[in-house]
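Residue strings, one per chain:
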Amino acid sequence: MDSHFSSYKEVVSEESEEESNGVNLMEFSDEILLHILSYVPCTDLVLNVRRTCRKLATLCLDKSLTHTVLLQKDYKVNKDKVKQLMRDIGKEIYQLNMAGCYWLPSSTIDHVTRCKNLVKLNLSGCHVTSLRLSKMLSMLQHLRSLAIDVNPGFDASQLSSECKATLSRVSELKQTLYTPSYGVVPCCTSLEKLLLYFEILDRSREGFMLSGQLMVGESNVPHYQNLRIFYARLAPGYVNQEVVRLYLAVLSDRTPENLHAFLISAPGSFAETGATKNLLDSMARNVRLDALQLPKAWINGSGLLQHLKFNNPFYFSFSRCTLSGGHLIQRVINGGKDLKSLTSLNLSGCVHCLAPESLFRKAEDDIDSSILESLVVSCCNLRHLNLSAAHHHSSESIGNHLCQLLSRLKHLLSLALPVCSITDVAASVEKPPTTPNLVPQTFGKKIRIGIPTYPRNLGDQANQKIESSVFWALMGSLRFLETLEIIGSSFSSAMPRNEPAIRNSLPPCVRAQSVGDSEVAAISQLTYLQSLTLAQLPNILTGSGLVNIGLQCQHLRTLSLANLGMMGKVVYMSALMDMLKHCRCLRDLRLEQPYFCAGAQFFQALSHCSSLQRLCIVSRSGTLQSDAVMSFMASCLEVIMCHMFMGESLTVCKNLQQSIVRRTISLFWGFKLRGRETQTYPALCLCQFPGRTPCIKRRHFPSASRGLDRGHQRCPHAALG
């Protein structure tokens with residue numbers, strides 16, 4: 001008996017020694033565990049993790065984890081989970097973000113009333129009626145920040161006095177308008193920050209023309225006396241312009257003294273009126289700004305910038321303005337003096353911004369490097385810089401290349417450049433345009449002409465020529481860059497978001513002809529790159545640089561490729577498929593290329609992107625294989641949006657949609673019959689566009705019967721690029 005007991009003790013001691021040699025997660029300090037748990041979605045913490053043991057049950061309810069709840073893009077959340085979450089920790093939530101949860105029924109909003117201490121609430125993208133909003137806000141007396149949508153049928157007269165009392169204490173408001181209305185702005189008498197998004201259509205669903213005039217009695221009601229930040233973003237359409245002018249009319253009567261950020265983003269032409277001119281004149285006299293963005297028609301040909309006063313500016317946007325380099329230096333950055341506070345500068349489409357005068361200058365002429373040098377020296381703390389949509393050609397002088405000057409901006413996080421600006425001047429002058437090899441026409445043995453295979457590793461590519469290029473040096477100096485856009489100066493998307501589509505785009509710049517695979521390979525030095533856009537690179541022969549990016553840039557989440565190489569053939573398809581096999585973190589992929597073949601090999605490579613959520617393919621005369629799409633959608637369950645603008649017939653797309661819907665519904669009921677927890681499964685809807693370009697959109701919905709009805713609503717993920 002004693003021998004058996006002693007042997008048992010030896011076994012127990014050996015097991016305890018093995019456990020002591022291993023790592024037990026519960027032995028970590030509470031601070032480390034809280035940091036680890038901060039990366040877990042709050043719904044999983046409260047509904048799952050905290051039920052594993054007593055220690056985690058206590059930690060998962062720590063205030064640092066329940067203070068802010070993010071449900072945005074959490075596509076596995078349904079109404080029941082939200083209800084249980086609010087019941088368990090509703091009183092501990094101070095910030096709640098439900099932006100974009102379009103699949104949740106409107107009744108889900110009723111459970112938000114349990115969050116009595118809520119200070120910040122974001123309901124953008126959620127359908128909320130006037131009565132439901134009134135009931136909810138009446139219970140949230142501590143609310144200070146609110147984001148909502150104003151849809152057709154919204155009636156401010158249905159808001160209760162308790163709701164208006166809560167709105168009177170709100171200091172930050174984000175309001176997206178889908179119908180001409182002031183929304184809840186008149187009730188917010190303490191506004192300090194106002195963000196307006198105008199998404200009003202010019203026509204109703206029935207085809208009637210809409211008017212931008214608001215109801216009588218609502219005008220002159222908004223209260224802007226405490227306003228510090230005003231931001232308005234307009235979608236295309238004259239109705240949006242009419243409504244935003246009504247919002248600005250109150251500002252023109254009395255400009256807030258504390259206003260320090262005034263931003264209006266409007267596509268196309270937005271003419272200046274007498275009221276807006278009075279507003280700008282009042283701003284020039286009474287306020288000192290820190291951030292400025294105006295429509296190009298308000299700046300071009302006026303002396304506004306000469307009269308505006310700035311305090312410690314951190315954001316400037318002069319997109320598409322005819323601003324010369326001389327005006328930029330003298331009026332904006334104050335003659336090259338200290339402007340270290342500026343962190344974001346948008347000069348997209350400013351053709352003459354790096355030239356002294358724009359009167360006799362052609363767009364293709366060389367830039368004045370002294371202007372760019374003054375800009376770099378004065379704004380040494382820039383984090384975001386956009387110089388795209390213009391021809392910025394460097395001169396042959398040594399040390400004054402655009403890439404060499406930009407390499408001094410060590411704090412850059414995002415950068416957008418035209419393709420012609422990154423080429424070496426000597427290489428573009430000496431190297432003739434790429435032409436196919438000429439073969440003597442003889443009766444001898446036929447010679448096979450092809451493109452050489454691309455190198456498989458970065459060392460082979462680097463040994464060719466790029467280590468000595470200015471763009472290679474620029475990428476090496478900006479190691480912490482997160483967003484990079486290299487776009488041709490004359491590039492125009494076949495399906496732009498805020499501009500009319502142009503079927504025949506202009507040819508690429510002459511200097512851009514020398515930018516190809518080697519320059520793309522230089523991007524692989526950006527270890528922390530998260531978003532990459534490449535458009536209109538005509539000298540792409542094999543796409544070998546894409547493979548290097550896939551291997552080295554493991555944090556890449558967004559990839560957009562458009563019009564690379566020859567337009568009649570997708571020459572980089574093999575390299576792209578090799579690249580996708582390494583992009584484990586990729587979430588958004590947008591491809592725009594004529595004659596793109598979305599076949600079995602492509603979707604098989606794309607299936608390696610396990611984190612992919614959104615896919616968009618725009619291809620004139622492109623083709624797809626239905627079986628390959630079905631296999632891809634079955635393997636990548638995280639995909640919630642799939643847009644394909646191809647050359648296939650409407651019948652092919654309808655059949656494909658029906659096949660995926662049938663499989664989705666059977667999968668849904670299979671999970672339900674087995675007693676599994678109901679999650680959000682995808683649905684599809686079909687939208688037909690002119691020119692036989694059907695669109696397949698994959699959506700999420702909590703039940704199969706409701707999802708098909710909601711499929712034709714506005715999809716918030718439609719614009720990728």
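Everything that follows concerns the structure shown earlier in this document.
Note that the coordinates shown come from a computational prediction; the quantities given were computed from them, not determined experimentally.

Basis of the calculations
- Residues numbered from 1 in each chain as written.
- Predicted model: local features only at pLDDT ≥ 70, side-chain atom pairs only at ≥ 80, totals over all residues.
- Heavy atoms only, no water.
- Patch = residues over 30% accessible without salt bridge, like charges linked within 9 Å, V, L, I, M, F, W, Y side chains within 5 Å.
- Areas by Shrake-Rupley, 256 points an atom, 1.4 Å probe, with all protein chains shown as cover.
- Salt bridge = Lys/Arg side-chain N within 4 Å of Asp/Glu carboxyl O.
- Lys, Arg positive; Asp, Glu negative; His and termini not counted.
- Charge placed at Lys NZ, Arg CZ, Asp CG, Glu CD.
- Helix = DSSP H or I, 4+ residues; strand = E, 2+ residues; numbered from the N terminus.
- Buried < 20%, exposed > 50% of the residue type's maximum accessible area, 1.4 Å probe, protein only.
- Phe/Tyr/Trp six-rings, centres within 6.5 Å; stacked < 30°, edge-to-face > 60°.

Caption draft 1: Expanded view of a positive patch on the surface. A contiguous patch of positive charge, built from K79, K83, R87, K91, R114 and K116, is present on the exposed surface. Relative to the elements of secondary structure, R114 occurs in the loop between strand 2 (95-97) and strand 3 (120-122).

Caption draft 2: Structural detail: unusual backbone geometry. Within the chain, Q536 stands out as a residue other than glycine whose phi angle is a positive 60°. Here Q536 shows up in strand 15 (residues 531-537). The class for Q536 is buried, based on a relative accessible area of 8%. Located in the positive-phi region is N563, a residue other than glycine, with phi close to 50°. Following the sequence through the fold, N563 ends up in strand 16 (residues 558-564).

Caption draft 3: Quick look at the packing of aromatic side chains. On inspection of all chains with the given rule, the structure shows 14 aromatic pairs. Aromatic pair F230 and F262: ring centres 5.5 Å apart, planes at 15°, arrangement stacked. Placement of the pair is F230 in strand 7 (residues 229-234) and F262 in strand 8 (residues 261-265), with a sequence separation of 32 residues. Look at F270 and W298: their rings are 5.4 Å apart centre to centre, the planes differ by 40°, and that puts the pair in the tilted class.

Caption draft 4: Representation of the pattern of salt bridges. For the coordinates displayed, the defined rule picks out ten salt bridges. Ionic pairing is found between D110 and R132, a salt bridge with its closest N-O pair at 2.9 Å. Within this pair, whereas D110 is found in the loop between strand 2 and strand 3, its partner R132 is found in helix 7 (residues 130-137), the two being separated by 22 residues in sequence. For K277, the salt bridge goes to D281, with nearest N and O atoms at 3.4 Å. Taken together, the residues K277 and D281, both in helix 10 (residues 274-286) and four residues apart, mark about one turn of the helix. Taking the relative accessible area as the measure of exposure, D281 reaches 30% and is therefore partly exposed.

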